[in-house]
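# Chains, contacts and geometry: an overview
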Amino acid sequence: FKNFNEAPMVGIQLLPNPTKRDIGTDVPLPLRRWSHLAAVFGEKATVVYLNGKEIARGAPTANVGGTPFVIGNAGENNPEHYFVGKMRTVRISKGERYQSDFVPERRFLPDVSAVVIYEPTKTRLSMVEDLSGKRNHGSANGVVVRDKDE
């Protein structure tokens, strides 16, 4: 985006080679309201949804390794490409949770597909508690935790 008064555009970078495997859109992320953003990394395509509607489709996900899984940053130690904003909840699921447009859930609950569910309000210092019941606790670095309604 050109300045901080304009909405950022939604995009996904697939590592290890994001310049050849990125999914860009001309869809702005609405400012000053919560949005549900979902990326389905499938064998045939990577599909991006905003508030339950498909907004982009790109290359399938490759299982090539080489970098730890990171939320909110392009790689573990990338000082130039990172998320700026607020995240209310993060859920990672096994398999392709969405195959078409859907109605986003207001709150993520544990289910068979959920591998991890993180909520900022369940963060203690740098440890993030997994609410999926699978005990995949994580760490939060460079994160400011605020009240969930903020």
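Attention in this report is confined to the structure presented alongside it. (Residues numbered from 1 in each chain as written. Predicted model: local features only at pLDDT ≥ 70, side-chain atom pairs only at ≥ 80, totals over all residues. Heavy atoms only, no water.)

Per the secondary structure count, the protein chain includes 0 helices and 10 strands. Ordered by position from the N terminus, the helices and strands of the protein chain form the series β-β-β-β-β-β-β-β-β-β. The proportion of buried residues among the 150 residues of the protein chain is 25%. The long-range fraction of contacts in the protein chain, counting pairs at least 24 apart against all pairs at least 6 apart in sequence, stands at 34%. Taken as a whole, the protein chain presents about 10800 Å² of accessible surface, with 51% of it coming from carbon and sulfur. (Helix = DSSP H or I, 4+ residues; strand = E, 2+ residues; numbered from the N terminus. Buried < 20%, exposed > 50% of the residue type's maximum accessible area, 1.4 Å probe, protein only. Contact = heavy atoms within 4.5 Å. Areas by Shrake-Rupley, 256 points an atom, 1.4 Å probe, with all protein chains shown as cover.)

To continue, consider the packing of aromatic side chains. Here the distance between the centres and the angle between the planes together describe a pair of aromatic rings. As enumerated under the stated definition, the model contains 3 aromatic pairs in all. Ring geometry for tyrosine 49 against tyrosine 98: centres 6.0 Å apart, planes inclined by 70°, an arrangement best described as edge-to-face. One end of the pair, tyrosine 49, is in strand E4 (residues 46-50); the other, tyrosine 98, is in the loop between strand E6 (90-93) and strand E7 (114-118), and 49 residues separate them in sequence. Each member of the pair tyrosine 49 and tyrosine 98 is classed as buried. Aromatic pair tyrosine 98 and phenylalanine 102: ring centres 3.6 Å apart, planes at 0°, arrangement stacked. Phenylalanine 102 carries the same exposure label as tyrosine 98, and that label is buried. Among the aromatic residues, ring-to-ring pairing joins Tyr49, Tyr98 and Phe102 into one connected group. Across the ring face of phenylalanine 108, the terminal group of arginine 91 is positioned such that the distance to the ring centre comes to 3.9 Å. (Phe/Tyr/Trp six-rings, centres within 6.5 Å; stacked < 30°, edge-to-face > 60°. Lys NZ or Arg CZ within 6 Å of the ring centre and 35° of its normal.)

Now for the pairing of E7. Taking burial as the measure, the 5 residues of E7 include 4 buried ones, the bulk of the element. Here E6 pairs with E7 via 4 bridges, running antiparallel. Residue pairing across strands places isoleucine 92 opposite valine 116, the latter belonging to E7. (Pairing = 2+ DSSP bridges.)

This paragraph deals with the sheet that holds strand E3 (residues 37-41). Think of a sheet as strands paired side by side through backbone hydrogen bonds, with each pair either parallel or antiparallel. Here we have 3 strands laid out as an open sheet, ordered E3-E4-E5, and antiparallel in their pairing. Among the strands making up the open sheet, the edge pair consists of E3 and strand E5 (53-58). In this sheet, adjacent strand axes meet at a mean angle of 20° when their direction is disregarded. Strand direction decides the pairing type here: E4 and E5, joined by 5 bridges, are antiparallel. By the bridge assignment for E5, tyrosine 49 is matched with glutamate 54. (Axes fitted to C-alpha atoms, helices over the stretch in contact; angles between N-to-C directions.)

Attention now moves to the nonpolar core. Buried together is how nonpolar side chains tend to be arranged in soluble globular proteins. In terms of nonpolar packing, the biggest core is built from 7 residues, these being Ala38, Val40, Ala45, Val47, Tyr49, Tyr98 and Phe102. Of all the secondary structure elements, the ones that give two or more residues to this core are E3 and E4. When residues no more than four places from it in sequence are discounted, the contact partners of tyrosine 49 are His36, Leu37, Ala38, Val40, Glu54, Ile55, Tyr98, Gln99, Ser100, Asp101 and Phe102. (Core = buried A, V, L, I, M, F, W, Y, C linked by side-chain atoms within 4.5 Å.)

On the basis of which strands lie adjacent, the open sheet formed by 3 strands has the order E8-E9-E10 and antiparallel pairing. Strands with a single pairing partner mark the edges of an open sheet, and in this sheet they are strand E8 (123-124) and strand E10 (138-139). Across 2 bridges, E8 lies against strand E9 (residues 127-128) in antiparallel orientation. Directly across from threonine 123, in E9, lies its bridge partner valine 128.

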